[in-house]
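Each chain, letter by letter, is given below.
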Amino acid sequence: MSFVEEVMMPWVGLYVAVASLICTIAMAADVVRAMWQWKFWFPTRFFTLNAATITLIGIAMKLPVDLGMELDYTKYMSIFFLVTMLANFLPSLGLMDDKELLMNITALAVLLITIVVNMGIQIYMLSYWPVAIPLILPILWPFSVALTVSTIREGLEHRYEESQRLVSSDQGEMFSTEGLELYVKRYWMMAETHNPQFVIACSPVSSAFGVMCLILATILGFTFDINFRDTGYTYEDSGTAKYEWSLTIIFVVQSIGVVVGSIAPIFRCFTSVGHYSLSRKLSKNHLNVFRVEKHWIQRLQQWKRYHVHSHIPGRHLKIVFHHVKNSFLNFCMALHIGVLVTCKIACLVPRAFLILLSCCWKLFKSIWKWFKNVVSTSNPNVSSEIEDYASYVVQIEEEEKLSKRILRNTLHSITQLLNKENEQRNLMMVLEKSKGFHGVVEFDSDLVQPLFPDETHHYCWSLVVVTLTAMAIALPRIANVHFNGLIAGMREGLEIVRHIEECLDANGELVNERKAARRVWKEVEVYRTWLHINLQKTTHKEKTSKEILIWLGDEAEKIMKRFMSSKKSIIDHSRYEFILASSMYKTSKTLLMCFGEQEICLNGEALFERISTIIADVLLACFTNLPRVIKLKCHHNAIEKRGDNIRIAAQLLVKSKKIFEKLKERQLPNIDQDSMGQIDKWRVLSKSQIPDGGASLDKIQSSFQVAMDP
């Protein structure tokens, strides 16, 4: 071994240890997150199959592919660690579409083939087949699961659409907090139970991985005891001296990884039976190792029926081609079924034990109630609520009914989120200044001509309120407590406004305006500047409010002229500056025109209050779209994003409870729901079209319901 190699190899080993540590931390994060959410089927969020994970696994498997090392415990430990990692990210296959799954599973196959071939060479030379085969077989299991993912997703999606029609056909919901909570809970139940990760986590393959991880963790305990404490094992004795001290670090880190990574697979194995309501038919299905579920081989059967368009000449050659194709698929199907049967046999003992334990527990409870004559301690209201939502459970097989424990935990998680305190006090203090919706038509007047004839300008909700907030902050002789209160209220309000804009501006027509508002808000909130212009200059303290408005308009005009005079095509931050400057120019000119004849209104405090009122009116007008947005958030085409979107909808609903109480006191203009989501549609209304006696929020709930029906 050369001197350079002798110096560098320990650092290569340290590199392997770091990659193994990252994988271990990711697996541990999934375990902690699942336990925190009481999801003992352990969905994966951090350690999923993707390019980064495959790269880390490839680095961590440096020892098994090193033919210069002898086949010792360190190599076997790396294989233990590999099997544990495969078991952990197995459910994440359910989150991928066909294209993503094909790319990731192909990359994984290339990596695993490299590892198996290199290990196979050494095993063949040393005749260690009886020990190695049980370790290599589980490496094939993820590929069998990958063949079922597409069928599982299609089946779940079909049942999800049926349940969705059931929700949408319910026209009796009140357009209120209670009605929206009911809506969110139903969609949450549908999204959580139709998760493909759950189906894979409860599959025989996942349970077999749990049994394998339990065996590996047990072997690991004996390995530590025998090789380090009793025999004084040293790495120099095994021909691995080139890695020196780093080999010990690799062994320890990967050993910890096996222990930590075994938690999720073992829990999945020993809780899979408890996820479903126990019945005689279900117990029989669990114990029948030769029962092959329809979705397990459906994809291969479809491929057999597909006609492959080939350019092979001659009828006889085409017959041969199709015969070879079908023979190959038959072989794959037999291998596929063999994997399923093997996995069912591997987890037969723990499943039989769990079924027996469940039966004994049910019998014990029945006897206890009979002797003690004790009424069930379960809350009848909770049980009734669980039964109400049970009809919205989405399962790939109808005969497998989820247990009440799973339904209770699922319902509890969303109920806990909906009952969370989030009063938005600062925002409500801002909204208290609103007297109606007249501010929506007062911030910009058509009498103010654009600076350039060919200028086209559109508003979004956030752009308007951010511009008005910047103007309010620039006003002189205003107490800091008023500034801070407005900023705090705007911070809370903009979080809601952005969700509304992202949801209703699905076509991206106002994406530039939204980005411009988001960029400048950071300046206004943190630095009290607007496009790098100090809004609270010391020299402006002696100026009047009218002079401040003129100054803001002049600065905006300079920015617009500088942009228009530029000869090169600019599609960068300068475009956003033009949008912001145009908004500031028109708004400042409108306020000057409206209040120019009323000197009392140009008093600093009075103008600050007036601008604050306009901001509150605009925010409330924007918030009239909240019920619609909350419902839209519950709809998402991507399976993997539905749960997160419904969680966002629930958080929005919590923040909106006080807002809804205030909106019920308001009157709405007579405009359709699509127009209500666009501030430009509000602006074209005259003040007479925003009367105090307009349609109230409760009176238009039916139109919202119709708008939400898919």
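Caption draft 1: Highlighting helix α3 (residues 73–89). In this model, α3 (17 residues) spans 25 Å end to end at C-alpha, consistent with the 24 Å of a helix rising 1.5 Å per residue. For α3, the buried fraction is high: 16 of the 17 residues fall into the buried class.

Caption draft 2: Focus on the nonpolar core. The biggest cluster of nonpolar side chains holds 179 residues, and the ones touching the most others in it are Leu 93, Trp 530, Leu 619 and Phe 623. Looking at this core, the element that brings in the most residues is helix α23 (residues 604–623), giving 12 residues. Those residues within four positions of Leu 619 in sequence are excluded, and the remaining contacts are Leu 427, Val 430, Leu 431, Val 465, Met 490 and Val 497. Core analysis: the next-biggest nonpolar cluster, separate from the first, contains 8 residues, Val 16, Leu 63, Met 69 and Ile 250 among them.

Caption draft 3: Expanded view of the confidence of the model for the chain. Summing up the model confidence of the chain, the mean pLDDT is 82 and the portion of residues at 70 or higher is 85%. Of the regions scoring below 50 in pLDDT, residues 374–378 engages in 3 contacts with residues more than four places distant in sequence or in other chains. In this model, residues 693–710 is a region of pLDDT below 50 whose contacts with residues beyond four sequence positions or in other chains number 38 contacts.

Caption draft 4: Structural context of the layout of surface pockets. There is about 520 Å³ of room inside the second largest pocket. In terms of lining, the second largest pocket is formed by 23 residues, of which the most central are Arg 45, Leu 95, Gln 197, Glu 640 and Asp 644. Listed by contribution, the elements that provide at least two residues to the lining of the second largest pocket are α7 (177–193) and α25 (639–663). A per-class count over the lining of the second largest pocket returns 7 nonpolar, 8 polar and 8 charged.

Caption draft 5: Focus on the side chain of Arg 299. Position of Arg 299 relative to the elements: it lies in helix α12 (residues 294–305). Under the relative-accessibility criterion, Arg 299 is labelled buried at 12%.

Caption draft 6: Representation of unusual backbone geometry in the model. The phi dihedral of Arg 528 falls on the positive side, at around 60°, and the residue is not glycine. In this fold, Arg 528 is placed in the loop between α20 (511–527) and β1 (529–530). One non-glycine residue with positive phi stands out, namely Leu 531, at about 50°. Within the secondary structure layout, Leu 531 lies in the loop between β1 and β2 (533–534).

Caption draft 7: Broad picture of a nonpolar patch on the surface. Residues Leu 67, Ile 113, Val 117, Ile 121, Tyr 124 and Met 125 make up a contiguous nonpolar surface patch of about 640 Å² in total accessible area. Within the element layout of this structure, Val 117 appears in helix α4 (residues 98–126).

Conventions used here
Residues numbered from 1 in each chain as written. Predicted model: local features only at pLDDT ≥ 70, side-chain atom pairs only at ≥ 80, totals over all residues. Heavy atoms only, no water. Helix = DSSP H or I, 4+ residues; strand = E, 2+ residues; numbered from the N terminus. Expected span 1.5 Å × (residues − 1). Buried < 20%, exposed > 50% of the residue type's maximum accessible area, 1.4 Å probe, protein only. Core = buried A, V, L, I, M, F, W, Y, C linked by side-chain atoms within 4.5 Å. Contact = heavy atoms within 4.5 Å. pLDDT = per-residue confidence, 0-100. 1 Å grid on protein atoms, 1.4 Å probe; cavity = no way out; pocket = protein on both sides within 12 Å on 5 of 7 lines; lining within 4 Å. Points joined across faces, edges and corners; volume = space filled by probe spheres on them. Nonpolar A, V, L, I, M, F, W, Y, C, P; charged D, E, K, R; others polar. Patch = residues over 30% accessible without salt bridge, like charges linked within 9 Å, V, L, I, M, F, W, Y side chains within 5 Å. Areas by Shrake-Rupley, 256 points an atom, 1.4 Å probe, with all protein chains shown as cover. Salt bridge = Lys/Arg side-chain N within 4 Å of Asp/Glu carboxyl O.

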